[in-house]
Amino acid sequence: MNAAIIFVLLLALMLTGMPISISLGLTVLGFLFTMTNVPIESVALKLFTGIEKFEIMAIPFFILAGNFLTHGGVARRMINFATSMVGHWHGGLALAGVMACALFAAVSGSSPATVVAIGSIIMPAMVKQGYPKGFGAGVITTSGALGILIPPSIVMVMYSVSTNTSVGQLFMAGVIPGLLLAILLGLTTWFLARKHNYPRMPKSSWAERWIAFRKSAWGLLLIVIVMGGIYSGMFTPTEAAAVAAVYAFVVAVFVYKDMTLMKVPKVLLDSAAMSAMLLYIITNAMLFSFLMTSENIPQAMAGWILGKGFGVVSFLLVCNVLLLLAGNVMEPSSIVLIMAPILFPVAMKLGIDPVHFGIIMVVNMEVGMCHPPVGLNLYVASGITKMGITELTIAVMPWLMTMIGFLMLITYVPIISTWLPQLIYK
C-alpha cells in the first residue's frame, strides 16, 4: 500500500512538469511528514551522507574533462583520423562518425557531449558530401549513445553509488560491449550506405593516416592514461577522472591551443552548473532510496517476484521492459538512481552478477537516450541538425532496432560483460 502511495505521488508531481529531482525530494518529505514516524533530522543527515561517497567526485571531473575536450579541438582531430582509416568504405564519412564517437566516448563519459562534439563537426560535412540529413542524424544520435557505455561513464558511476558495485569493474565490463555495439552500429551504417549507394571518399595513403594519427595522438593518449591507470591499479576511477580533467585542460589550452585562457572560466562555469544539476538529482534520489529502504519496499518486491516464481530469464525481461518504459519519461541519471536500489536486491537474490546487471541498465539507458519523448540525444541532435523530433525518431529507427537487438544479446549472454572484469580482478 505504501509503495503504491509513494509511486502515485511521485508520478503526479512529475506529470505537473516539475523537475524530477524536486519531485523526488517532495515525495520523500510529503510521505515522511504525513505517514511515518521517521525523525525528520534523519532527512537532513541523509542529504549530506548521500553525496559523501568518494566515487561521486568522479562525476564533476569527467564532465570538466569532456567540456575541455569538446571545446579544445580534440573531436575534430579524432574525426580526421577516423576518416583517414574508414572513409573509403561505403558511407565512409558516416562510418568515420561512428568510429569518432567511439573514440570520443572513451575520453568523455557523456552521451550528449559526444553527440555535440562529433555531430557539430561531421553533420555539415556529410550534408555537403551529399548524404541525406536524416541518415547523418541517425548515425550521430545513436553512436553518441556510446558515450555512456564505453568507459569512463558517468552513468556507471551513478550505478556504482546506488548499489556499492566496484566502479573499476563496471568500467572494465563496458569495454567489450562498447566495442561490440560500435561494430554493430558501423555494420548497420555500412549496409544502409551500400544499399543506397551513398558517397565514398578517396582512400588515404598510409602516410596521410600516420599524419592524422599523430595530430590526434594527444587526445587518444587520454584513453591510455585513464584506462591504463585504472587497469594497472595506479589510480582509482575517481583519481583517473581528476587526471583526465587536468590533462584535457593542458591539451586544449597549451598543446592544441584551440582554446584560449579567456575561455577557461566559461568552461569551468558550464561544468559546475551541469555537475550541480547531477549532484542535486543524486541527493534527492538518495533520499528516495532511503525512504524505500525504510518502508522495506525493495525487500517486499523481491519477495513478491520470487513468490511468483520468476526466474532469471523472465525477471531480466521484466527489467528491460520497465527500464525502457522509464526511458520514455526520465533521463538516465534519474532512472539509475531510482530503479537500481529497487531492482538490484531482487537481481542479487536470483544470483545475477552485479556488474552484468549494471551493464544491462546502462544499455537500457542508451536506448532511452535515442527515443522520444525525453531522449537527450534526440534533443541535442535536433539542435545540431535543425530537424524535428518526429522526423529524427523515424531517421534513427534502423540503428535503434540494432541497439534493441544488442540489448537482448547483452541481457542473456552475461560473459560479454563479465569476462574482462573477471580476468583482471580475479
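As a starting point, this report considers the structure included with it. (Residues numbered from 1 in each chain as written. Predicted model: local features only at pLDDT ≥ 70, side-chain atom pairs only at ≥ 80, totals over all residues. Heavy atoms only, no water.)

Digging into the packing of aromatic side chains
Then comes step 1: Counted by the stated rule, this structure contains eleven aromatic pairs.
Then comes step 2: Summarising the aromatic geometry, the rings of Tyr159 and Phe344 are spaced 6.2 Å apart at their centres and angled 80° between planes, so their arrangement reads as edge-to-face. Note that Tyr159 is positioned in helix α9 (residues 154–163) and Phe344 in helix α16 (residues 332–349), a separation of 185 residues in sequence. Like Phe344, Tyr159 is buried.
Then comes step 3: The structure contains a cluster of three or more aromatic residues connected by ring pairs, namely Tyr131, Phe135, Tyr198 and Trp399.
Then comes step 4: For Arg77, the ring lying beneath its charged end belongs to Tyr256, and the centroid distance is 3.8 Å.
Then comes step 5: Over the ring of Trp206 we find Arg209, and its NZ or CZ is 4.5 Å from the ring centre. (Phe/Tyr/Trp six-rings, centres within 6.5 Å; stacked < 30°, edge-to-face > 60°. Helix = DSSP H or I, 4+ residues; strand = E, 2+ residues; numbered from the N terminus. Buried < 20%, exposed > 50% of the residue type's maximum accessible area, 1.4 Å probe, protein only. Lys NZ or Arg CZ within 6 Å of the ring centre and 35° of its normal.)

Here we look at the environment of Leu9
Then comes step 1: Here Leu9 is to be found in helix α1 (residues 2–15).
Then comes step 2: Looking at Leu9, the relative accessible area reads 30%, which means it is partly exposed.
Then comes step 3: Taking the C-alpha atoms as reference points, Leu9 and Ser23, 14 residues apart in sequence, are found 8.7 Å from one another.

With respect to the side chain of Asn320
Then comes step 1: Considering the arrangement of structural elements, one finds Asn320 in helix α15 (residues 312–326).
Then comes step 2: For Asn320, a relative accessible area of 2% corresponds to the buried category.
Then comes step 3: Non-local contacts of Asn320, meaning those with residues more than four positions away in its chain, are made with Ile360, Asn364, Leu407, Met408 and Thr411. (Contact = heavy atoms within 4.5 Å.)

Considering the side chain of Ser143
Then comes step 1: Mapping Ser143 onto the fold places it in helix α8 (residues 133–143).
Then comes step 2: Side-chain polar atoms of Ser143 contact the backbone oxygen of Val139, separated by 2.8 Å.
Then comes step 3: When neighbours within four sequence positions are excluded, Ser143 is seen to be in contact with Val98, Cys101 and Leu185. (Polar contact = N/O pair within 3.5 Å; in protein donor to acceptor, adjacent residues only side chain to side chain.)

Some thoughts on the layout of surface pockets
One water molecule sets the probe size; rolling that probe over the atoms shows where empty space is left.
Then comes step 1: Roughly 550 Å³ of internal volume is contained in the largest pocket.
Then comes step 2: Contributing to the lining of the largest pocket are 23 residues, with Phe7, Leu11, Ala326, Met330 and Met339 lying nearest its centre.
Then comes step 3: At the level of secondary structure, the elements contributing two or more residues to the lining of the largest pocket comprise α1, α14 (297–307), α15 and α16.
Then comes step 4: The residue inventory of the lining of the largest pocket, partitioned by class, reads 22 nonpolar, one polar and no charged. (1 Å grid on protein atoms, 1.4 Å probe; cavity = no way out; pocket = protein on both sides within 12 Å on 5 of 7 lines; lining within 4 Å. Points joined across faces, edges and corners; volume = space filled by probe spheres on them. Nonpolar A, V, L, I, M, F, W, Y, C, P; charged D, E, K, R; others polar.)

What about helix α20 (residues 415–425)?
Then comes step 1: The set of residues buried in α20 consists of Ile416, Ser417, Thr418, Leu420 and Pro421.
Then comes step 2: Buried residues along α20 sit against α10 (167–196), α11 (206–231), α17 (354–368) and α19 (389–412).

A closer look at the pattern of salt bridges
Then comes step 1: Evaluation of the coordinates by the stated rule reveals three salt bridges.
Then comes step 2: For Asp258, the salt bridge is made with Arg77, and the minimal N-O distance between the two is 2.8 Å. Remark: Arg77 occurs in helix α5 (residues 74–86) and Asp258 occurs in the loop between α12 (237–255) and α13 (264–294); sequence separation between them is 181 residues.
Then comes step 3: Taking relative accessible area as the criterion, Arg77 reaches 15% and is therefore assigned buried.
Then comes step 4: Here the residues in one salt-bridge network are Arg76, Arg77 and Asp258, joined through shared partners. (Salt bridge = Lys/Arg side-chain N within 4 Å of Asp/Glu carboxyl O.)

Thoughts on the packing of helix α2 (residues 20–35) against α13
Then comes step 1: Relative orientation of the contacting elements α2 and α13 amounts to 30°, with a least axis distance of 8 Å. Classified by the interaxial angle, the pair formed by α2 and α13 is roughly parallel. For the crossing formed where α2 meets α13, the hand is left-handed. Residues Ser21, Ile22, Leu24, Gly25, Thr27, Val28, Phe31 and Leu32 of α2 form the contact with α13, whose own contacting residues are Tyr280, Ile281, Asn284, Ala285, Leu287, Phe288 and Leu291.
Then comes step 2: Of the residues belonging to the contact of α2 with α13, the class tally is eleven nonpolar, four polar and no charged. (Axes fitted to C-alpha atoms, helices over the stretch in contact; angles between N-to-C directions. Parallel < 35°, antiparallel > 145°, perpendicular 65-115°, else oblique. Left-handed = near helix turned anticlockwise from the far one by under 90°.)

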